[in-house]
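Structural overview for review
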Amino acid sequence: MKALIISEVIDGKLGLGSLEIISKVRNLNIEFQLVTVGVDDVPTIGSDSFKQTYLKRSSNSLQYNKVADYINNIIQNEQVNLVLASSTYQCRDIISFLSVDFNSSPVSNVIDFSIENHKVQTVNSINGGNQLYKTEVDSEVSFLLIRPKSFEAVDIELNSNYISIDVEDGITKIYDIHKEEKKGPQLEDSKVVVSAGRGMVDVSNLSIINELASKLNAAVGGTRAIVDAGWMPYSQQVGQTGKTVKPDLYIACGISGATQHQVGMKDSKFIIAINKDEEAPIFQISDLGIVGDTLNILPKLIESI
Amino acid sequence: MKIAVCAKQIPDPAIEISYEKGHIKRPEEQVLDDTDRYGIELALQLKEKFDAEVTILSMGPKGTLKGVQQALQMGADKAMIVSDENLSGANSLTTSNVLSELAKLSEADLIILGTESTDGYSGTVPQQISRYLNLDCISYVKAVEVNSEKVILTRQTIEGSEKVDMPDKCVISVTAGGVEPRYPNFKDIMAAKSKSIQEIPLNNLNLTAKNNLKFIDIEEVESSKNGQKVIDDGEAHKFIIEKLKELKIL
Ligand SMILES: Cc1cc2nc3c(=O)[nH]c(=O)nc-3n(C[C@H](O)[C@H](O)[C@H](O)COP(=O)(O)OP(=O)(O)OC[C@H]3O[C@@H](n4cnc5c(N)ncnc54)[C@H](O)[C@@H]3O)c2cc1C
């Protein structure tokens with residue numbers, strides 16, 4: 001088995017998801033190399049312990065088709081038979097393109113995988129994590145999109161040891177690039193996450209959530225319902241179509257606990273939920289459930305900290 | 001201009017999905033996936049500007065065709081469907097293969113989809129279709145601005161967002177919230193009844209994708225915690241404080 005891990009480079013760093021995949025691949029003793037995609041000139045993303053090709057794209061051109069063409073070549077030249085990537089936007093695009101080239105349907109939302117008799121077997125979490133769905137991939141080249149936080153990330157010493165290739169521009173131009181400001185603790189690496197749902201009743205009440213989070217040095221998350229309503233930027237959405245978090249403590253405030261939300265947080269070590277509906281599904285996965293009104297309880301909680 | 005929107009009929013999303021031999025069980029009556037309403041809405045907004053024809057493309061068991069009807073009720077002009085037992089449990093690549101063949105038959109310039117379906121959520125179909133058709137894929141569109149000269153699409157990215165001018169020919173995937181789907185009124189609902197739903201035999205399509213994903217099994221896991229539950233009597237915050245101390249967060 002020979003693996004290729006695709007990773008994006010963000011702010012000059014390797015995507016966190018790829019560090020998680022590297023740790024898994026090392027555990028399985030699979031030979032691997034990396035192909036990375038980013039806009040930085042000379043990011044410190046290389047290592048002496050694996051081969052890497054850095055595909056440098058320009059920030060003002062949509063080039064993922066071309067990026068996929070380069071990776072297609074690498075897969076063929078290096079006789080790769082397992083292609084892995086974290087399910088991020090870019091990697092979803094790239095893996096999808098390659099799956100057509102190699103006529104091999106990818107497996108999405110993978111939370112674990114193994115090699116049995118030279119075949120790749122994958123595990124998916126379905127129905128809000130109540131069931132595990134297992135698949136065997138029968139292809140010359142297998143493509144897997146892995147959910148973030150499925151494996152513990154490795155810590156590697158990084159240098160500039162990689163081959164760099166400039167990707168030529170695509171047809172479609174990109175402009176007005178907007179970077180969301182990152183302030184305070186980030187969802188991906190905070191020990192405590194305070195999340196809000198529609199049960200915070202009004203966007204103005206998010207100040208309560210922010211105050212609690214700042215007292216606990218916590219990151220702030222939210223449900224898709226409130227992200228869609230414009231209360232919070234998408235980068236703070238937790239769940240199936242947002243981020244996956246595994247903090248020591250997750251406090252769910254006014255969140256019903258839809259399976260799509262649970263997928264992104266149910267593996268938190270300790271879960272506290274506040275919801276006025278005693279039957280809310282969030283209580284089924286909570287360690288401590290408080291049945292009551294967020295707007296009564298949270299101010300008192302903040303006061304007593 | 002011709003626009004195709006891929007729309008999926010799914011089991012009522014309020015009911016937990018059940019499986020049979022690894023495939024999602026599909027009842028006679030399936031509904032339109034809400035995710036697709038965003039794609040249909042975008043197509044209708046473009047139709048208003050460019051006087052386009054909007055065709056719904058759908059693959060899956062026909063059943064009562066309720067989901068396809070719902071798509072037509074929103075204002076799409078007609079539908080083309082493929083319904084074949086051999087496609088039961090089709091993987092994402094097979095789905096994309098079939099839908100891109102339908103897109104060719106519809107002669108669409110633009111092909112619009114949601115980012116992922118509610119039941120399968122593989123999240124790869126729009127991009128795969130674009131590769132089959134050799135078109136650019138403008139994925140994860142979260143805002144649309146139609147002005148007098150052009151259509152500006154805002155893409156969601158890992159770091160924030162970026163804009164592109166909509167190419168004349170491309171595949172677009174729209175995120176939830178990218179546009180506000182309209183509700184059909186009585187007139188729309190009545191009008192939909194006489195719209196054409198053309199069934200295309202699978203044999204007429206060039207299907208090359210293979211069934212490379214073999215179902216092994218489904219394992220039940222006990223994930224329910226049902227931890228301590230406290231009904232707030234005005235003092236419940238004290239239980240939280242206690243826990244925060246126990247967890248050494250305070
Ligand atoms: C394909 C797809 C992908 C999705 N992806 C995601 C995702 O990534 N993340 C996500 O979160 N969702 C996702 N969803 C949406 C998900 O199904 C739910 O709709 C959403 O999580 C609900 O958000 P909510 O809990 O804020 O709102 P609701 O479900 O409306 O729940 C609000 C809760 O607040 C409680 N409440 C109301 N007022 C108060 C009060 N004063 N005090 C205390 N409690 C109160 C209510 O009892 C209720 O339980 C997805 C859906 C689909 C179809």
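Residues numbered from 1 in each chain as written. Chains lettered and ligands numbered in written order. Predicted model: local features only at pLDDT ≥ 70, side-chain atom pairs only at ≥ 80, totals over all residues. Heavy atoms only, no water.

Details of the overall build of chain A
Within chain A, the secondary structure is distributed over 7 helices and 16 strands. In terms of overall dimensions, chain A is globule-like: its C-alpha atoms have a radius of gyration of 21 Å, near the 19 Å expected for 305 residues. Referenced to the eigenvectors of the C-alpha coordinate spread, the extents of chain A come out at roughly 65 × 45 × 35 Å. Looking at chain A residue by residue over its 305 residues, the buried ones come to 59%. Once local pairs closer than 6 in sequence are excluded, the contacts in chain A between residues at least 24 apart make up 63%. When the accessible surface of chain A is totalled, it reaches about 12,300 Å², and 44% of it is carbon and sulfur. Of the charged side chains in chain A, 27 are positive and 38 negative; the average position of the first set lies 1 Å away from that of the second. (Helix = DSSP H or I, 4+ residues; strand = E, 2+ residues; numbered from the N terminus. Rg over C-alpha atoms; globule rule 2.2 N^0.38 Å. Buried < 20%, exposed > 50% of the residue type's maximum accessible area, 1.4 Å probe, protein only. Contact = heavy atoms within 4.5 Å. Areas by Shrake-Rupley, 256 points an atom, 1.4 Å probe, with all protein chains shown as cover. Lys, Arg positive; Asp, Glu negative; His and termini not counted. Charge placed at Lys NZ, Arg CZ, Asp CG, Glu CD.)

With respect to the domain arrangement of chain A
How big an interface is tends to be stated in terms of accessible area lost as the parts join. Residue and element names in this part refer to chain A. The domains assigned to chain A are domain 1 (2-166) and domain 2 (192-304). Each of domain 1 and domain 2 has a C-alpha centre, and these two points are 31 Å apart. With both sides pooled, the region where domain 1 packs onto domain 2 buries about 730 Å², and carbon together with sulfur makes up 48% of that total. Of all residues in domain 1, Gly128, Arg147 and Lys149 give up the largest surface area on contact with domain 2, accounting jointly for 66% of the area buried on that side. Joining domain 1 to domain 2, the criterion identifies 0 salt bridges. Across the domain 1-domain 2 interface, the total number found is 4 residue pairs in polar contact (both at pLDDT 80 or more). (Domains from an automatic or database assignment. Buried area = accessible area lost by both parts, 1.4 Å probe. Salt bridge = Lys/Arg side-chain N within 4 Å of Asp/Glu carboxyl O. Polar contact = N/O pair within 3.5 Å; in protein donor to acceptor, adjacent residues only side chain to side chain.)

Observations concerning the interface of chain A and chain B
Taken together, the 81 residues of chain A in the interface contact 74 residues of chain B. Counting the surface lost from both chain A and chain B, the interface buries some 7,100 Å², and carbon and sulfur atoms represent 55% of this. The tally of links between chain A and chain B comes to 7 salt bridges. The partner of Asp176 of chain A in a salt bridge is Lys163 of chain B, and the shortest N-O contact between them spans 3.6 Å. Here chain A is connected to chain B by 43 residue pairs in polar contact (both at pLDDT 80 or more). Considering only residue class, the side of chain A that touches chain B consists of 34 nonpolar, 28 polar and 19 charged. Judged from the 3 bridges that link them, strand β11 (residues 175-179) of chain A and strand β11 (residues 160-165) of chain B form a sheet pairing that is antiparallel. Residue Tyr175 of chain A lies in a different strand from β11 of chain B, and its bridge partner there is Lys163 of chain B. (Nonpolar A, V, L, I, M, F, W, Y, C, P; charged D, E, K, R; others polar. Pairing = 2+ DSSP bridges.)

What to know about unusual backbone geometry
All names here are of chain A. Despite not being glycine, His118 shows a phi value in the positive range, around 65°. Positionally, His118 belongs in the loop between β6 (107-116) and β7 (119-126). Even without being glycine, Lys149 reaches a positive phi, approximately 70°. Tracing the chain through its elements places Lys149 in the loop between β9 (142-146) and β10 (163-166).

Description of the nonpolar core
In this structure, Ile6 and Ile71 of chain A together with Ile111 and Ile172 of chain B are the most contacted members of the largest nonpolar core, which totals 83 residues. Of all hydrophobic cores here, the second largest spans 33 residues; its members include Leu206, Ile209, Ile226 and Leu249 of chain A. (Core = buried A, V, L, I, M, F, W, Y, C linked by side-chain atoms within 4.5 Å.)

Description of the pattern of salt bridges
Applying the stated criterion to the full structure yields 31 salt bridges over all chains. Between Arg131 of chain B and Asp69 of chain A there is a salt bridge, with its nearest N and O atoms 2.7 Å apart. With Arg131 of chain B in helix α4 (residues 125-133) and Asp69 of chain A in helix α2 (residues 64-77), the pair connects residues from two separate chains. The partner of Asp119 of chain B in a salt bridge is Lys8 of chain B, and the shortest N-O contact between them spans 2.8 Å. Of the two residues, Asp119 of chain B sits in the loop between β8 (110-114) and α4 while Lys8 of chain B sits in the loop between β1 (2-6) and β2 (9-10), which places them 111 residues apart along the sequence. With relative accessibility at 26%, the residue Lys8 of chain B sits in the partly exposed group.

Re α2 of chain A
Here α2 of chain A contains 14 residues, and its C-alpha end-to-end distance of 20 Å stays within 8% of the 20 Å for a straight helix at 1.5 Å per residue. Looking at the residues trailing α2 of chain A, positive phi occurs at Gln79 of chain A, about 50°. (Expected span 1.5 Å × (residues − 1).)

A closer look at the state of the cysteines
All names here are of chain B. A complete count under the given rule lists 0 disulfides over all chains for this structure. No disulfide involves Cys6; its nearest neighbouring cysteine sulfur is the one of Cys137, lying 11 Å away. No disulfide involves Cys137; its sulfur sits 8.2 Å from that of Cys170, the nearest cysteine. By relative accessible area, Cys137 is classed as buried at 5%. (Disulfide = S-S within 2.5 Å.)

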